[in-house]
Amino acid sequence: MHRADWMVWPKEAQRREERRAEARLAEGLQRLDEAKHYQLNSLSREQRALHRHLIAIKTGNRKRGSHAVGSRPSNHDLSHPAVSYKKTLLPIIPPAGRESDRPSL
């Protein structure tokens, strides 16, 4: 083996390792892209379902919204009106980190 041939091997090995690293990075990016598309599709499906349920609740369409939250069962008592969710107030949760409101121990 000549001295010049001996110097070429480390450079060639380094190039091969760089190509392998690039291939690993490309594969990782592809997996991330696939995961992103899966999550976006899942969120889109969930959003469409929630939109359908909201419309069913607003219109009182029992056929479409029979599984929607707040819909009346088919054997409902007409003497009790349906619950109105328009004026339902949700509780306010105080922000974390305000230690002045907490009792000292």
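Asker: Give me the pattern of salt bridges: which residues, what numbers.
Answerer: The tally for this structure, following the rule as stated, stands at five salt bridges. Between Lys 36 and Asp 33 there is a salt bridge, with its nearest N and O atoms 3.4 Å apart. Linking Lys 36 with Asp 33, this pair stays in helix α1 (residues 3-59), spanning three residues, or about one helical turn. Among the residues examined, Lys 36 registers a relative accessible area of 44% and is labelled partly exposed. Residue classification places Asp 33 among the partly exposed residues on the basis of a relative accessible area of 37%. In the salt-bridge network here, residues are joined through shared partners; they are Glu 17, Arg 20 and Arg 24.

Asker: Describe the confidence of the model for the protein, and please don't skip the residues or the numbers.
Answerer: In the predicted model, the protein carries a mean pLDDT of 77, and the fraction of residues at 70 or more is 59%. Counting contacts from residues 68-72, a segment whose pLDDT is below 50, to residues more than four positions away or on other chains yields nine contacts.

Conventions we followed
- Residues numbered from 1 in each chain as written.
- Predicted model: local features only at pLDDT ≥ 70, side-chain atom pairs only at ≥ 80, totals over all residues.
- Heavy atoms only, no water.
- Salt bridge = Lys/Arg side-chain N within 4 Å of Asp/Glu carboxyl O.
- Helix = DSSP H or I, 4+ residues; strand = E, 2+ residues; numbered from the N terminus.
- Buried < 20%, exposed > 50% of the residue type's maximum accessible area, 1.4 Å probe, protein only.
- pLDDT = per-residue confidence, 0-100.
- Contact = heavy atoms within 4.5 Å.

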